[in-house]
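Spelled out, the chains give:
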Amino acid sequence: VTELAKSLNINSILANLLVQRGINTYDEAYRFFRPNIDHLHDPFLMKDMDKAIERIEKAIGNNEKIIVYGDYDVDGTTSVALVYSFLKTFYPNLEYYIPDRYKEGYGISFKGIDYAKENGFSLIIALDCGIKSIDKIDYANERNIDFIICDHHLPGKEIPKAAAVLDPKRVDCPYPFKELSGCGVGFKLVQAFCIKNNIPFSGIEQYLDLVAVSIASDIVPIVGENRIFTFFGLQILNKNPRPGIKAILEL
């Protein structure tokens, strides 16, 4: 505490609060107080990210029908809004699906998979859900529907047999930050797609407001990458809120 107080030229009470939050050095404090987009991790550090991008590119190349699927809570709906909005800017063969709260409940549903099958969809990108949907993914595989799972909940003993399973909480996932929201995982998917296809980061920065809303609503800790997302997302929310959020703010 004394060393940190001295290096930052602050009093020991503030230094003590920082140390309690795991900030022990000048560099860690600098990152904490000055969030920077350059400090975001490489999304390809997440297990299966290469498989996920490969499957999306294959779907686009073959003009497959894609569903962006997510829960009806705030983390799920912001996730769907983000991934759907991004893909829609260049790919038209796309729909989104939010399960009915009362008829289907949380997570991936058999009804959602049946809807995909009946309407000729061959790829479902599931956001904020799916890490424990072993039986649902098997059901989809039998119907030639591939899943990309983007989740942030703790997995069970078995990982679903999807085309790709993105979840920083997977035991075998080396991704350095484990506390992303579901929408945060969705953003990393979009970021990876941009890196692979030479799309500048400025093209997706506009979606950080959705990530910030998901972080606050899903009560994930505002440290690490979440702190960067929230810092820049709040700026967008305050300066240029999207119509839906503007309406909520006015109410």
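Residues numbered from 1 in each chain as written. Predicted model: local features only at pLDDT ≥ 70, side-chain atom pairs only at ≥ 80, totals over all residues. Heavy atoms only, no water.

A. How the structure looks around a nonpolar patch on the surface. Together, Ile13, Leu14 and Leu17 give the surface a local cluster of nonpolar side chains, amounting to about 290 Å² of exposed area. Looking at the element boundaries, Leu17 is found in helix α2 (residues 12-20). Its relative accessible area of 37% is what places Leu17 among the partly exposed residues. (Patch = residues over 30% accessible without salt bridge, like charges linked within 9 Å, V, L, I, M, F, W, Y side chains within 5 Å. Areas by Shrake-Rupley, 256 points an atom, 1.4 Å probe, with all protein chains shown as cover. Salt bridge = Lys/Arg side-chain N within 4 Å of Asp/Glu carboxyl O. Helix = DSSP H or I, 4+ residues; strand = E, 2+ residues; numbered from the N terminus. Buried < 20%, exposed > 50% of the residue type's maximum accessible area, 1.4 Å probe, protein only.)

B. Expanded view of the pattern of salt bridges. Per the stated rule, a full pass over the model turns up 11 salt bridges. Between Arg143 and Glu142 there is a salt bridge, with its nearest N and O atoms 3.4 Å apart. Residue Arg143 is classed as partly exposed on the basis of its relative accessible area of 24%. Shared partners join several salt bridges into a network, and the residues in it are Asp48, Lys51, Arg170 and Asp172.

C. View of the sheet that holds strand β4 (residues 146-150). On the basis of which strands lie adjacent, the open sheet formed by five strands has the order β2-β1-β3-β4-β5 and parallel pairing. The open sheet is flanked by β2 (94-97) and β5 (164-166), the only strands paired with a single partner. Adjacent strand axes in the sheet meet at a mean angle of 20°, parallel and antiparallel pairs treated alike. Both strand β3 (residues 121-127) and β4 contribute to a ladder of five bridges, which runs parallel. Among the inter-strand pairings, Leu123 is bridged to a residue of β4, identified as Asp146. Sheet strands in contact with helix α5 (residues 74-88) are β1 (65-70), β2 and β3, and its direction is about 155° off that of β1. (Pairing = 2+ DSSP bridges. Axes fitted to C-alpha atoms, helices over the stretch in contact; angles between N-to-C directions. Contact = heavy atoms within 4.5 Å.)

D. Geometry of the packing of α5 against helix α8 (residues 182-196). α8 packs onto α5 with a crossing angle of 15° between their chain directions and a minimal axis gap of 8 Å. By the angle between their directions, the pair α5 and α8 is classed as roughly parallel. Classified by chirality, the crossing of α8 by α5 is right-handed. Two secondary-structure elements touch here, α5 through Asp75, Thr78, Ser79, Leu82, Val83 and Phe86 and α8 through Gly182, Cys183, Gly186, Phe187, Val190, Phe193 and Cys194. When the residues that make up the contact of α5 with α8 are grouped by side-chain class, the tally is eight nonpolar, four polar and one charged. (Parallel < 35°, antiparallel > 145°, perpendicular 65-115°, else oblique. Left-handed = near helix turned anticlockwise from the far one by under 90°. Nonpolar A, V, L, I, M, F, W, Y, C, P; charged D, E, K, R; others polar.)

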